[in-house]
Amino acid sequence: MSAGEDTSHILSGLTHQLPDRDPEETAEWIESLDQLIQSQGTERAQFIMRSLLQRAGAQSVGVPMVTTTDYVNTIPADQEPEFPGKEEIERKYRAWLRWNAAVLVHRAQRPDIGVGGHISTYAGAATLYEVGLNHFFRGKDHPGGGDHVFFQGHASPGMYARAFLEGRMSEEDLDGFRQEKSKAGHGLSSYPHPRLMPEFWEFPTVSMGIGPMNAIYQAQSNRYLHNRGIKDTSQQHVWAFLGDGEMDEPESRGLLQLAANEQLDNLTFVINCNLQRLDGPVRGNGKIMQELEAFFRGAGWNVIKVVWGREWDPLLAADKDGALVDVMNETLDGDYQTYKAESGGFVREHFFGKTPQTKEMVSHLSDEEIWNLKRGGHDYHKVYAAYKTATEFEGKPTVILAHTVKGYGLGTHFEGRNATHQMKKLTLDDLKQFRDHLRIPISDEQLESDPYRPPYYHPGQDSPEIQYLQERRKALGGYVPERRNTAEPIHLPDDKAYEVAKRGSGKQMAATTMAFVRLLKDLMRDKDFGKRVVPIVPDEARTFGMDSFFPTSKIYNPKGQNYLSVDRDLVLAYKESISGQILHAGINEAGSAAAFTAAGTAYATHGEPLIPIYIFYSMFGFQRTGDSFWAAGDQMTRGFIIGATAGRTTLTGEGLQHADGHSPLLASTNPAVVTYDPAYGYEIGHIMKSGLERMYGPDSKDPNVMYYLTVYNEPILQPAEPEELDVEGLLKGIYLLAPAKVDGPRTQLLASGVSVPWALEAQQILADEWGVSADVWSVTSWTELRRDGLAAEEEAFLNPGSEPRKPFVTEQLEGATGPIVAVSDFMKAVPDQIRQFLPHEFATLGADGFGFSDTRAAARRFFKIDSHSIVVRALEMLARRGEVDQNAPKEAFDRYKLNDVTAGTSGNAGGDS
């Protein structure tokens, strides 16, 4: 049976295409299996079946892989562990939680506020969370370390409601939902946002798909810390709560193989299968639980389905001919959704009425009893059994597929309705029905007095239920979620580690990528600091010159290197190790960004600071995984992002998709990213040192940043650090690199990154051939100069009457005269970021448009950003001012053949890194 067939959502088709030549014998075999189950239970039957399948394979009997099982619970009733909690107490305060969560959203939607919220997600998932919070999720004070729980974003009201019962939040806090500024001090973020609530949330999850992949790499990071001997994480578990609709995101499914390949049995996905996405059914004509089961099984995961509550157990036990299971298998998700929006009588007629056997099976049940046949995700016993099995399973990650109803218990206007996700408030009748359903001791008068502000319910901290709740959390090591930032200070490298960057490259040419890699190597050699560096590479280490790290630092692989390496005799052989330091994610930028986030937040999640350094083709960073970097910023990740092979004209030959002319602009949209475009190795050294001090220095006021550095693959002679270097200017974004060499008409040349040598060449041409005096400035960060300028404007705006502060770039160029020509290997909008802060006449040269394959010199001449283009542009501006001959620009244009791409000379060939 192929995946594209209409019935592929039911079963794998073990017998679909084979004739049954002896039905009587078949029946005897099936009867024997039934008797085995009845006499010795499902566990023994499972072993016998596995033994038979193994023997069949050895005898070349073709048996297809069972990718899906019947639409029933994976764990048989006779294998369920005993539920250890006090279910009546837990059910009681679970009702209070569901009430308070709904009321929190409802009150935030009153006419004078109207900030919205989501009621139905938590209502349907409360049992899934509460079983975990009462019995499984470990807090930070647990002896084995705390678990890492990725809460489903839309369920955040439920977590706030629990914090209210726990005494961690007040009614005033709950009323601050989605009002973070107007209710400052009591505002609650709409979703899990660690940056907005840094002592509560650990992981941002509401950008669909980011949670699943970050959870996978969090589990990997936990093992990485353990295997490298930095921290014992053997008892820590990662839980990710996800939606079945969310699993359609490519990021949700695209990284499952890592968890299977590395046998991350410290990871559990809990997928809330309410069969609905934001607008309607996930698979109205199919079965999403079956689809996900097949997908996860195929990816190498352990799959546990929690489909039906315990009320179904007697019916399934009585289903001797399989008629009920057949109906369950064949019923489509769209119909299951409809059943929960109708009545018990409707379910009797349309579900059980599909066959005479199933109709008779429920003849003794009332319509109300049929209606109360719960789905598995709402049953404490079934969910507990799944969680316990998942945490005890070894060798594979586990996914729990829990069948639930969206809007469960909220009444007929909410339960299972297509529009339930967008419904923000309840009518007075809804409130009364919901109160009655949950048995909340609130009177009609209280609800009627102000339907927009129904009261929260709390029985008091001394009530037996709250005492029980608190005892459970104490036994598990404290509250969840909770974020702590209690990392010990780390020893930062001293000046000696940066000497290689200051020396330059002597007579040897080296690209800034290589200058960076040499510096990184010395930082990793530092005795105390080096072990905390986590290099992350998406299968381009050799391109970036990092293959020299392989023999010493080694590539992390939890299974080690169990094969005979083809290059084992080479000095730079490919080496994998259980304790390897390099995270090599393969051709996988999304996974690398997730690994970067996990490592860069270890200071908070584990109290162990790590310094992730993620290096990649710059075109495939913020453009490809910008959402991941935004989530990393939300999670307050610290580390270095290196956009290698940067520039639109510098990576020769690769062409359009590799020609990065805009990554600094994309990076500038992330407030947590500090962007630099350094020209030389010594600039990189100062930026790295300053970045480390900002992230982990004792005096840092804003440590939660990521540094983005663009580095290039064009080899140049790296100069030694100048004696009188303006370090402050370098770090703030601009410093005078080369003052003018002659007296004459004055111009200012501002350049960044790989364009600085072109500006220096233009300076020489202007002096020798045109008698023009040009100062050359190295702009290490157009973005940071702009941010400083905007901040100065904002300060002036908010302090009328006060002397306004001058932006730093304005101060630096205050005494510089003449027009400005700004140039980079990026589009014009990159240097244009500072235009408004300078009174000078300002012209920008940039590589706008799509890139292409050609030589560096030809590409730069085509975009008019090379040294001769700088000269002509400067002469044009000076001629307009009457400071050079009016014919000079035309003469220069013709002399340098500016429209002839083959006449360009700026740039050289070669340079892989």
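These numbers come from a predicted model, not from an experiment. (Residues numbered from 1 in each chain as written. Predicted model: local features only at pLDDT ≥ 70, side-chain atom pairs only at ≥ 80, totals over all residues. Heavy atoms only, no water.)

S.K.: Hey, could you run me through the packing of helix H23 (residues 589-600) against helix H25 (residues 622-634) in this one?
M.R.: When two helices pack together, their arrangement is captured by the angle between the axes and the distance separating the axes. Contact geometry of H23 with H25 gives a least axis separation of 9 Å together with a crossing angle of 10 degrees. Between H23 and H25, the angle falls in the class roughly parallel. Residues Glu589, Ala590, Ala593, Phe596 and Thr597 of H23 pack against Arg624, Thr625, Ser628, Phe629 and Ala632 of H25. Among the residues forming the contact of H23 with H25, the class breakdown is five nonpolar, three polar and two charged. (Axes fitted to C-alpha atoms, helices over the stretch in contact; angles between N-to-C directions. Helix = DSSP H or I, 4+ residues; strand = E, 2+ residues; numbered from the N terminus. Parallel < 35°, antiparallel > 145°, perpendicular 65-115°, else oblique. Contact = heavy atoms within 4.5 Å. Nonpolar A, V, L, I, M, F, W, Y, C, P; charged D, E, K, R; others polar.)

S.K.: Whenever I open this one, the nonpolar core confuses me. Can you help?
M.R.: One broad rule of soluble globular proteins: the nonpolar side chains tend to lie buried together. Core analysis: the biggest nonpolar cluster contains 105 residues, and Phe640, Met688 and Leu750 have the highest contact counts within it. With eight residues, the single largest contributor to this core is helix H33 (residues 867-880). Not counting chain neighbours up to four residues away, the residues in contact with Leu750 comprise Ile734, Trp777, Val779, Trp782, Leu813, Ile820, Val821, Ala822, Val823 and Ile834. Grouped together as the second largest cluster of nonpolar side chains are 76 residues, Val534, Tyr614, Ala667 and Val673 included. (Core = buried A, V, L, I, M, F, W, Y, C linked by side-chain atoms within 4.5 Å. Buried < 20%, exposed > 50% of the residue type's maximum accessible area, 1.4 Å probe, protein only.)

S.K.: Which parts of the structure should I look at to understand the pairing of strand E18 (residues 773-779)?
M.R.: Here is the key point about a regular strand: its side chains alternate between the two faces of the sheet. Most of E18 is tucked away, with seven of its seven residues classed as buried. Residue alternation in E18 divides its side chains into two sets, Ser773, Asp775, Trp777 and Val779 and Ala774, Val776 and Ser778, and both sets are buried. Pairing analysis gives four bridges linking strand E16 (residues 734-738) to E18, with the strands arranged antiparallel. Of the residues in E18, the one forming a bridge with Tyr735 is Ser778. Direction of pairing for strand E17 (residues 746-751) relative to E18: parallel, over a ladder of six bridges. Within E18, the position partnered with Gln748 by the bridge is Asp775. (Pairing = 2+ DSSP bridges.)

S.K.: Is there a simple way to think about the environment of Thr67 in this case?
M.R.: Structurally, the position occupied by Thr67 is in the loop between helix H1 (23-58) and helix H2 (87-108). Exposure remark for Thr67: the relative accessible area of 23% places this residue in the partly exposed category. C-alpha of Thr67 to C-alpha of Phe295: the two residues are 228 residues apart in sequence and 7.7 Å apart in space.

S.K.: Any chance you could explain the sheet that holds strand E5 (residues 398-403) here in plain terms?
M.R.: Strand pairing in a sheet relies on backbone hydrogen bonds. The paired strands run either parallel or antiparallel. Read across the sheet, five strands follow the order E1-E2-E3-E5-E4 without closing on themselves; strand pairing throughout is parallel. Edge positions in the sheet fall to strand E1 (148-150) and strand E4 (302-306), since each has one partner strand and no second. Averaged over all pairs of adjacent strands, the angle between their axes in this sheet comes to 15 degrees, without regard to strand direction. Pairing of strand E2 (residues 238-243) with strand E3 (residues 267-273) involves six bridges; the strand directions are parallel. For Ala240, the partnering residue across the bridge sits in E3 and is Phe269. Along the sheet face, helix H9 (residues 288-298) touches E3, E4 and E5 and points at about 165 degrees away from the line of E4. Against the sheet, helix H16 (residues 380-392) touches E2, E3, E4 and E5, its axis set at about 170 degrees to E4.

S.K.: Which parts of the structure should I look at to understand the environment of Ala487?
M.R.: Relative to the helices and strands, Ala487 resides in the loop between helix H19 (464-475) and helix H20 (499-503). For Ala487, a relative accessible area of 25% gives the class partly exposed. Sequence spacing of Ala487 and Ala602 is 115 residues, and the spatial spacing of their C-alpha atoms is 8.8 Å. Leave out the neighbours within four places in its chain, and Ala487 touches Tyr603, Gly607 and Pro609.

S.K.: What am I meant to see in the pattern of salt bridges here?
M.R.: Think of it this way: side chains of opposite charge can pair up when their charged atoms draw near. Per the stated rule, a full pass over the model turns up 54 salt bridges. Residues Lys92 and Glu465 are paired through a salt bridge, measuring 3.1 Å at the closest nitrogen-oxygen approach. In this pair, Lys92 sits in helix H2 while Glu465 sits in helix H19, placing the two residues 373 residues apart along the sequence. Residue classification places Glu465 among the buried positions, given a relative accessible area of 11%. Between Arg805 and Glu795 there is a salt bridge; the shortest N-O distance is 3.0 Å. (Salt bridge = Lys/Arg side-chain N within 4 Å of Asp/Glu carboxyl O.)

S.K.: Please clarify how the environment of Ser668 should be interpreted in this entry.
M.R.: The residue Ser668 is located in helix H26 (residues 663-668) in this model. Its relative accessible area of 23% is what places Ser668 among the partly exposed residues. Along the chain, Ser668 and Phe622 lie 46 residues apart, while their C-alpha atoms are 9.9 Å from each other. Dropping the residues within four chain positions of it, Ser668 is found in contact with Thr675, Thr783, Arg787 and Gln833.

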